[in-house]
Amino acid sequence: MRIGIPKEIKDNENRVGMTPAGVAELVRHGHEVFVQHTAGEGSAFPDTDYEKVGAQILPTIEDVYAQSDMIVKVKEPIEPEYPLVKKGQLLFTYFHFASDRPLTDAMLKSGAVCLAYETVQTPDHRLPLLIPMSEVAGRMGVMEGAYYLQKTKGGKGKLISGVPGVKPAKVLVLGGGTVGEAAARMAAGMGADVYIADISLPRLRQLGFELPANVHTLYSSEHNIREELRDTDIVIGSVLIPGAKTPHLITREMLQVMQKGSVLVDVAIDQGGCFETSHPTTHSDPVYEVDGIVHYAVANIPGAVPNTSTTALTNATLRYALALADKGWRQACKEDEALRKGLNIVEGKVTFKGVADAWGLPLSEIDL
């Protein structure tokens, strides 16, 4: 199969779809790999590293799309890429269709096969291609929250760890999944007073046993969240419903109970965000203020640490990319239930319920 790895063109997205080590495996399996010139430089992987393992370097993104049967990316295609996607071409990347109608419409029109990292799900309900970036985003979310808590950055001027004789910051984590657990661990390690909320009592029980002593579990309800917001300094929004739009757990009205200069970090912004007042931001313009509350809603948080993120992502995606390339997407998805759940749009039809529900579109069965 001919596999293309284009350069990411989303604002400050320095990750790349695959490391040279991953490309080496694809080549070893007999596939042709086309890498766009400088695609890996942001992650500290120069063109020469890809050439050494057998990849062909192509000068433009147009060349990569034109010559490839499968495109391996990190982020969803953005508007300049829409015309480049070919009918029948397989796109293997993050999509988050339920929060982006123009992207959904463009991919339906293209006739491509869109296999989304974020909905690949194993029989035990794990999300293997979302986990590595969730672990990065959870950790980074706390770091960014602590940074913007500084008075010079618009925050209330509080040190997340406190100092002897001065209480640490209070961090509320909404959602006890991979992002939430990573965020709670990071915040606890930085010395904060941490509360993690979820609607699953078994999950809260597990987190209570596994997380440090300065992490407290909380059943997630509007009343409980509202009460905690009164003295919370940083909120990490990490709620996820795979492939579907994220519910708003904090409304604009609820901001009124928060102290001015508190920070909301919406790690769920890719799926629409879990704060009513959230809208996507970028690494070049990451924050804005609503009613005195600082909002950080960068849609590609792991892009700030691309070397770590790209390596972690390739570690997770490679086995699936090899299956798709070796067997073709139909056979690979027929044999692997996890991959089959990654199919969101197939040749002009929506095949994932969360996407169909988000936009009121008909849901089609997958013909394998």
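Just above, that's the structure.
This section reports on the structure supplied with the text. Just so you know, these numbers come straight off a predicted model, no measurement behind them. All residue numbers refer to positions counted from 1 along the written sequence of the respective chain. Per-residue local features of the predicted model are confined to residues with pLDDT of at least 70, and side-chain atom pairs are confined, for both listing and counting, to 80 or more; whole-chain, interface and lining totals are unaffected and use all residues. Note that water and hydrogens are dropped before the side-chain values are worked out from all heavy atoms of the structure.

1. Quick notes on the overall build of the chain
Move 1: Within the chain, the secondary structure is distributed over 12 helices and 15 strands.
Move 2: Note that the radius of gyration is over C-alpha atoms, with the globule rule given as 2.2 Å times the number of residues to the power 0.38. Relative to a compact globule of 368 residues, whose C-alpha radius of gyration would be 21 Å, the chain shows 21 Å and is just as compact.
Move 3: If one aligns the C-alpha atoms of the chain with their principal axes, the spans along those axes are about 65 × 45 × 35 Å.
Move 4: A simple rule labels every residue: compare its accessible area, found with a 1.4 Å probe on the protein chains alone, to the largest value its type can have, and call it buried under 20%, exposed over 50%, or partly exposed in between. By residue count, 56% of the 368 residues in the chain fall in the buried class.
Move 5: By the convention used here, residues are in contact when the closest approach between their heavy atoms is within 4.5 Å. A separation threshold of at least 6 residues defines the contact pool for the chain, and within that pool the share at least 24 residues apart is 63%.
Move 6: Surface accessibility in these figures is a Shrake-Rupley result with a 1.4 Å probe; residues are shielded only by whichever protein chains are displayed. Carbon together with sulfur atoms contributes 52% to the accessible area of the chain, which is approximately 14,900 Å² in total. A helix here means a DSSP run of H or I that spans at least four residues, while a strand means a run of E at least two residues long, and both kinds are numbered starting from the N terminus.

2. Side note on the packing of helix H1 (residues 20-28) against helix H9 (residues 306-327)
Move 1: Where H1 contacts H9, the axes come no closer than 10 Å and their chain directions differ by 20°. Put simply, H1 runs roughly parallel to H9. For H1 against H9, the interelement crossing comes out right-handed. The residues of H9 that touch H1, namely those facing Gly22, Glu25 and Leu26, are Thr314, Leu318, Ala321, Leu322 and Ala325.
Move 2: Looking at the contact of H1 with H9 residue by residue, the class counts come to five nonpolar, two polar and one charged. Lines fitted to C-alpha atoms define the axes here, with helix axes fitted over just the stretch in contact, and angles between the N-to-C directions of these axes take values from 0 to 180 degrees. Relative orientations are named as follows: roughly parallel for angles under 35 degrees, roughly antiparallel for angles over 145 degrees, roughly perpendicular for angles from 65 to 115 degrees, and oblique for any other angle. When the near helix sits turned anticlockwise from the far one by under a right angle, the crossing is termed left-handed; a clockwise turn instead gives a right-handed crossing. Note on residue categories: nonpolar means Ala, Val, Leu, Ile, Met, Phe, Trp, Tyr, Cys or Pro, charged means Asp, Glu, Lys or Arg, and polar means any other residue, Gly included.

3. Here we look at the sheet that holds strand E7 (residues 170-174)
Move 1: Overall, mixed pairing links the seven strands, which are arranged E9-E8-E7-E10-E11-E13-E12 in an open sheet. Of all strands in the sheet, those with a lone pairing partner are strand E9 (215-219) and strand E12 (287-290), marking the two edges. Put simply, the sheet's adjacent strands are angled 20° from each other on average, direction ignored.
Move 2: Here the rule is simple: two strands pair whenever DSSP picks up at least two bridges between them. Judged from the five bridges that link them, strand E8 (residues 193-198) and E9 form a sheet pairing that is parallel. Bridge pairing in E9 links valine 194 to valine 215.

4. Focus: helix H5 (residues 131-148)
Because an α-helix packs 3.6 residues into every turn, residues spaced three or four apart end up facing the same way.
Move 1: Helix length check: H5, at 18 residues, gives a terminal C-alpha distance of 25 Å against a target of 26 Å (1.5 Å per residue), a fit within 8%.
Move 2: In terms of burial, H5 is largely enclosed, as 14 of its 18 residues are buried. Expected helix span is given by 1.5 Å per residue-to-residue step, counting one fewer step than there are residues.

5. Describing the packing of aromatic side chains
Move 1: Within 6.5 Å between ring centres, the rings of Phe, Tyr and Trp (the latter by its six-membered ring) count as paired, and their orientation is classed by plane angle as stacked under 30 degrees, edge-to-face over 60, tilted in between. Counted under the stated rule, the structure contains five aromatic pairs.
Move 2: A ring pair is formed by tyrosine 147 and tyrosine 148, whose centres lie 4.9 Å apart and whose planes are at 90°; its orientation type is edge-to-face.
Move 3: On the basis of relative accessible area, tyrosine 147 is assigned to the partly exposed category, the value being 35%.
Move 4: We classify tyrosine 148 as buried; its relative accessible area is 10%.
Move 5: Joined through ring pairs, the aromatic side chains of Phe92, Tyr94 and Tyr117 make up one cluster.
Move 6: Here, over-ring charges are defined by two tests on the NZ atom of lysine or the CZ atom of arginine: distance to the ring centre within 6 Å, and angle to the ring normal within 35 degrees. The ring of tyrosine 320 is capped by arginine 319, whose NZ or CZ atom sits 4.6 Å from the centre of that ring.

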